[in-house]
Amino acid sequence: MINQSEQSMPTAYPQGEAVSEKGHVSSNRRLRRFLTALLALTAIGAIINVTINSSQDSFFVAERFQTFVTIFLGIFIEAAPFLLAGAIVSGFIAVFVDQSMIDQYLPKQPILAALSGALLGLVFPVCECGVVPVTRRLYEKGMSLSIGIAFLLAAPVINVIVFLSTYAAFGWGAVLLGRIGFTILIAFFVGLIFHVAKAKEVLRIDIYTAHSHAHEHTHGGAATERLSDRVAQALQTAGDDFIDMGRYLIIGSMLAATMQTVVPQSALIAVGEGSVVSVLVMQALAFVLSVCSTVDAFLALAFAGTFTTGSIIAFLTFGPMVDIKSALMFLGVFQRRIVLYLILIPFLMSLLVGMMWNVYVG
């Protein structure tokens, strides 16, 4: 069953059609909400900061608030360019890619489909923020569930930028190979699981509508439009996607900053030496810290001397798949219960990988 809130979501623009006046109104409304949220957050922060700093007895609270603001801005500023890059890729997919291309280049056989999805990040090198709008747009073009989910989970790691950053941090060895191999393995199996699911039960109603429309129609008329018009339409669509997904990024960044401010990292690190506990702690850190996959290897390197290798691999595998901000962004593509599955299944599989590495490899 699809709940009422999901039915009220705005529908995506069909490929090849000009953006209507109603679409402009909807985009402007989303932009106003996005800017209002930013202004409200800034105003609230300024008021709290002034109030706190007016009393010397509240220095500790003021320090915590400044820490929150610093962490929030760090996460948001780090993630926003990658979300923008993903939105631009999404916009060009919306205009230049149709169902015939999906059918021509991507396999339909279940095992090959899940495997190709896990490796698709080599074609679309995006992080965990940018991969969400790209996946959403590919679903609107008719991509199968298994390919999309495998791509969503694997792409933040399976790209050249992350390969190089992990190599720079850990060199050629167990951590680099384990991160790549286990990411592909987990994404492949999760994608394979969703091969038997129905799109109507997995995707949000507006994404499912566009997904079904792509299978029923082939859009060939867009190719006759002028290239400049199609590029302009792609950039406008990219702007809509950035604004639409940006609200989830803001909320997720705020939650991640709150967790990092409230929960002492020293308390987590103190229990990080056991074969099982160390993996759980590093997974919790990965989810809470919400560090971009392009730089998380250098953060993991700081824990390499005190944490087990299995926990480091779990951190570098689970974190790019799911963290606070990306989990919220999943709500722009999938139904709520599916988002829960996309958190729990990778969590359990990466937990198993880390535990087995600690027990059998050491």
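Up top you'll find the structure we're talking about.
Being a predicted model, the structure only gives us computed values, none of them experimental.

Asks: Looking at this model, I keep getting lost on the packing of helix H5 (residues 110–119) against helix H7 (residues 145–154). Mind explaining?
Replies: Each packed pair of helices is defined by two parameters, the angle between the axes and the distance between the axes. Two elements in contact, H5 and H7, have axes separated by 7 Å at closest approach and are oriented at 30 degrees. In terms of orientation, H5 and H7 fall into the roughly parallel class. Between H5 and H7 the crossing geometry is right-handed. In this structure, H5 contributes Ala-113, Ala-114, Ser-116, Gly-117 and Ala-118 to the contact, and H7 contributes Ser-146, Ile-147, Ala-150, Phe-151 and Ala-154.

Asks: Hey, could you run me through the packing of helix H14 (residues 277–289) against helix H16 (residues 309–321) in this one?
Replies: Packing of H14 against H16 brings their axes to within 8 Å, and their N-to-C directions diverge by 30 degrees. Our classification of the angle between H14 and H16 gives roughly parallel. Note that H14 runs across H16; the crossing there is right-handed. Along its contact with H14, which presents Ser-278, Val-279, Met-282, Gln-283, Leu-285, Ala-286 and Phe-287, the element H16 presents Gly-310, Ser-311, Ile-312, Ala-314, Phe-315, Phe-318 and Gly-319. When the residues that make up the contact of H14 with H16 are grouped by side-chain class, the tally is 9 nonpolar, 5 polar and no charged.

Asks: Even after reading the chapter, I still don't get the pattern of salt bridges, so can you show me in this structure?
Replies: Any two side chains of opposite charge can pair, given that their charged atoms come close. Under the counting rule described, the total for this entry stands at 5 salt bridges. With its nearest N and O atoms 2.8 Å apart, the salt bridge here joins Asp-296 to Arg-179. Separated by 117 residues along the polypeptide, Asp-296 in helix H15 (residues 296–303) and Arg-179 in helix H9 (residues 174–193) bring together distant segments of the chain. The exposure classification of Asp-296 matches that of Arg-179, with both residues buried. As a salt-bridge pair, Arg-204 and Asp-206 come within 2.7 Å of each other at their nearest N and O atoms. On the accessibility criterion, Asp-206 (4% relative accessible area) is buried.

Asks: I keep staring at the nonpolar core and nothing clicks. Help me out?
Replies: Side chains of nonpolar character tend, in soluble globular proteins, to be buried together. Judged by nonpolar contacts, the single largest core of 62 residues is most densely connected at Tyr-139, Ile-149, Phe-151, Leu-203, Phe-330, Phe-334 and Leu-342. The greatest single-element share of this core, amounting to 10 residues, is contributed by helix H3 (residues 59–96). Apart from residues no more than four positions distant in its own chain, Phe-151 is found in contact with Gly-117, Ala-118, Leu-120, Gly-121, Phe-124, Val-126, Val-131, Val-134, Thr-135, Leu-138 and Pro-156. Formed by 15 residues, the second largest nonpolar core is a distinct cluster that contains Leu-289, Ala-300, Phe-303 and Phe-315.

Asks: What is the right way to read the packing of aromatic side chains from this model?
Replies: One pair of aromatic rings is described through two measures. These are the centre distance and the angle between the planes. One pass over the full model with this rule turns up 6 aromatic pairs. Aromatic pair Phe-330 and Phe-334: ring centres 6.4 Å apart, planes at 90 degrees, arrangement edge-to-face.

The rules behind these values
- Residues numbered from 1 in each chain as written.
- Predicted model: local features only at pLDDT ≥ 70, side-chain atom pairs only at ≥ 80, totals over all residues.
- Heavy atoms only, no water.
- Axes fitted to C-alpha atoms, helices over the stretch in contact; angles between N-to-C directions.
- Helix = DSSP H or I, 4+ residues; strand = E, 2+ residues; numbered from the N terminus.
- Parallel < 35°, antiparallel > 145°, perpendicular 65-115°, else oblique.
- Left-handed = near helix turned anticlockwise from the far one by under 90°.
- Contact = heavy atoms within 4.5 Å.
- Nonpolar A, V, L, I, M, F, W, Y, C, P; charged D, E, K, R; others polar.
- Salt bridge = Lys/Arg side-chain N within 4 Å of Asp/Glu carboxyl O.
- Buried < 20%, exposed > 50% of the residue type's maximum accessible area, 1.4 Å probe, protein only.
- Core = buried A, V, L, I, M, F, W, Y, C linked by side-chain atoms within 4.5 Å.
- Phe/Tyr/Trp six-rings, centres within 6.5 Å; stacked < 30°, edge-to-face > 60°.

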